[in-house]
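Residues per chain, in single letters:
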Amino acid sequence: MAKQKKRGKFLLIECTAGELMNAVGSDICICDWCGKTHLPSDKGCYIAVLNHWYCQECFEEWVERATWYAEDADVERKNFEFYAPRFGINVSKC
């Protein structure tokens, strides 16, 4: 089940490739970093500030080097508020 993930100030949604495919109406899931296709059961993370889905491996690499910038917060919040309900996440509680 998709859920909001806490990593510093970043707005993230931990989800499987299948959950992402259902949320966006796609029949394929490709990591936005490595470009590999993923099975519906593969885990990953939607990164609102980038508006990207990364497979678990790429996400772990990204989070180690990522820096949150306050000037990106408005776009990050808009992306998160658009996609969170599609994953069944209540935005008012976030």
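Here the residue numbers are simple positions, counted from 1 along each chain's written sequence. Totals for whole chains, interfaces and linings use all residues, but because this is a predicted model, local features are given only for residues with pLDDT of at least 70 and pairs of side-chain atoms are given and counted only at 80 or more. Computation of side-chain values: all heavy atoms of the structure, hydrogens and water removed.

Trainee: So what's going on with unusual backbone geometry? Which residues, and what values?
Mentor: The phi dihedral of Asn51 falls on the positive side, at around 55°, and the residue is not glycine. Inspection of the secondary structure assignment puts Asn51 in the loop between β3 (43-47) and β4 (52-55). Each helix is a run of H or I in the DSSP string that is no shorter than four residues. Each strand is a run of E no shorter than two, and both are numbered from the N terminus.

Trainee: I'd like a rundown of the nonpolar core, residues and numbers included.
Mentor: Residues enter a nonpolar core if they are buried and are Ala, Val, Leu, Ile, Met, Phe, Trp, Tyr or Cys, with the set joined through side-chain atoms within 4.5 Å. Exposure is judged per residue with a 1.4 Å probe applied to protein chains only, and the accessible area is read against the type maximum: over 50% gives exposed, under 20% gives buried, and values in between give partly exposed. One finds Ile13, Trp53, Phe59, Trp62 and Phe87 to be the most contacted residues of the largest nonpolar core, which totals 29 residues. Those elements that place two or more of their residues in this core are β2 (10-16), α1 (17-24), β3, β4, α2 (56-65) and α3 (73-83). Ranked by the residues each element gives to this core, the list is headed by β2, at 5 residues. Once residues lying within four places of it in the same chain are set aside, the contact partners of Trp62 are Phe10, Leu12, Ile47, Leu50 and Tyr54. Here a residue-residue contact requires only that any non-hydrogen atoms of the pair lie within 4.5 Å.

Trainee: Can you break down the pattern of salt bridges residue by residue, with the values?
Mentor: By definition here, a salt bridge exists when the distance from a side-chain nitrogen of Lys or Arg to a carboxyl oxygen of Asp or Glu is within 4 Å. One pass over the structure, following the stated rule, counts 4 salt bridges. In this structure, the salt-bridge partner of Glu60 is Arg7, at a minimum N-O distance of 3.7 Å. With a gap of 53 residues between them, Glu60 in helix α2 and Arg7 in strand β1 (residues 3-7) connect regions that are remote in the sequence. On the basis of relative accessibility, which here comes to 31%, the residue Glu60 falls in the partly exposed class. Under the relative-accessibility criterion, Arg7 is labelled partly exposed at 28%. Several salt bridges share partner residues, and in doing so they unite Lys3, Lys5 and Glu14 into one network.

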